[in-house]
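Observations on chain architecture
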Amino acid sequence: FNPDDYSYGQGKVFVIDLSHDNIVARVDVGKNPQAMAVGPDGLINVVCTSDYVTARGMVYFLDPATNTVIDSIFTGGNPCQPVINRAGVGFIAAGGWLDNGHVYCYDALQRVVIRDSSDPIPVGRGSIALALVKGGRKKIGKELYVAMPDGAHPVKLVAPIFYDPDGERLNV
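Since the structure is predicted, the reported quantities are computational estimates derived from the model, not experimental observations.

Calculation rules
- Residues numbered from 1 in each chain as written.
- Predicted model: local features only at pLDDT ≥ 70, side-chain atom pairs only at ≥ 80, totals over all residues.
- Heavy atoms only, no water.
- Salt bridge = Lys/Arg side-chain N within 4 Å of Asp/Glu carboxyl O.
- Helix = DSSP H or I, 4+ residues; strand = E, 2+ residues; numbered from the N terminus.
- Buried < 20%, exposed > 50% of the residue type's maximum accessible area, 1.4 Å probe, protein only.
- Core = buried A, V, L, I, M, F, W, Y, C linked by side-chain atoms within 4.5 Å.
- Contact = heavy atoms within 4.5 Å.
- Patch = residues over 30% accessible without salt bridge, like charges linked within 9 Å, V, L, I, M, F, W, Y side chains within 5 Å.
- Areas by Shrake-Rupley, 256 points an atom, 1.4 Å probe, with all protein chains shown as cover.
- Pairing = 2+ DSSP bridges.

The next thing to look at is the pattern of salt bridges. Applying the stated criterion to the full structure yields 3 salt bridges. Where D28 meets K12, a salt bridge forms, and the shortest distance between an N and an O atom there is 2.6 Å. Of this pair, D28 sits in strand 2 (residues 22–29) while K12 sits in strand 1 (residues 11–17), and the two are 16 residues apart along the sequence. A relative accessible area of 35% places K12 in the partly exposed class. D71 serves as the salt-bridge partner of R111, at 3.0 Å between the closest nitrogen and oxygen. One end of the pair, R111, is in the loop between strand 9 (100–107) and strand 10 (112–115); the other, D71, is in strand 6 (residues 68–74), with 40 residues separating them in the sequence. For R111, a relative accessible area of 23% translates into the label partly exposed.

Among the nonpolar cores identified, the biggest contains 12 residues, and these are A37, L43, V47, V59, F61, I73, I84, I92, A94, Y104, Y106 and A108. Of all the elements in the fold, those that place two or more residues in this core are strand 5 (58–63), strand 8 (89–94) and strand 9. Excluding residues that lie within four positions of it along the chain, I92 makes contacts with V47, V59, T75, P79, C80, Q81, P82, H102, V103, Y104, Y106 and L130.

Time to look at a nonpolar patch on the surface. On the surface, F14, I16, L18 and I23 cluster together to form a nonpolar patch covering roughly 410 Å² of accessible area. Mapped onto the secondary structure, F14 falls in strand 1.

Below, the discussion takes up unusual backbone geometry. A negative phi angle is the norm for most residues apart from glycine, just as the trans form is the norm for most peptide bonds. With phi around 55°, D21 is a residue other than glycine that occupies positive phi space. Considering the arrangement of structural elements, one finds D21 in the loop between strand 1 and strand 2. Of note in this structure, N32 is not a glycine but carries a positive phi near 60°. On the basis of relative accessible area, N32 is assigned to the buried category, the value being 14%.

Turning next to the pairing of strand 4 (residues 44–48). Burial analysis of strand 4 places 5 of its 5 residues in the buried class, the great majority of the element. Bridging between strand 3 (residues 33–38) and strand 4 involves 5 bridges; their strand directions are antiparallel. Opposite P33, over in strand 4, you have C48 as the bridge partner. Count of turn residues in the strand 3/strand 4 antiparallel hairpin: 5 residues, of which G42 carries a positive phi of about 90°. Here strand 4 pairs with strand 5 via 5 bridges, running antiparallel. Residue pairing in the sheet places V46 in a bridge with Y60 of strand 5.

Okay, structure coming up:
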């Protein structure tokens, strides 16, 4: 991001060797990378918001063995924080700064979009992050707490939009 003219250049992911404190690779991704999550196949899913105006959100799939992008998918909108379940279904929080937020959904293993900005999952205002909760179905309706800089904030665990009681497929 260039604060002088509010533009976004080429986005990059830096691979750092923590044992020697040096950069070992610079990988080009889309504009304005926001967050990453590792899929069950080991690929790093990099979510890029782009410039919020002329281009929209993308997910880039980075192979950590070769430090290369092997694929990308268009989500549209303003994606933020991804989470990926063990089955490889990725969910991305998307916006809701002024009104209702959205969640996008994609298959991280097949690298295809399930729900994007044209058909999002509607959620409440302020959807900037998601979490997977172990044993979550037993906790639906309960109050949990999220750590924030100004203290712990209560959140209510709600029923998921997608649910397959037999665990055999994703009902979308």
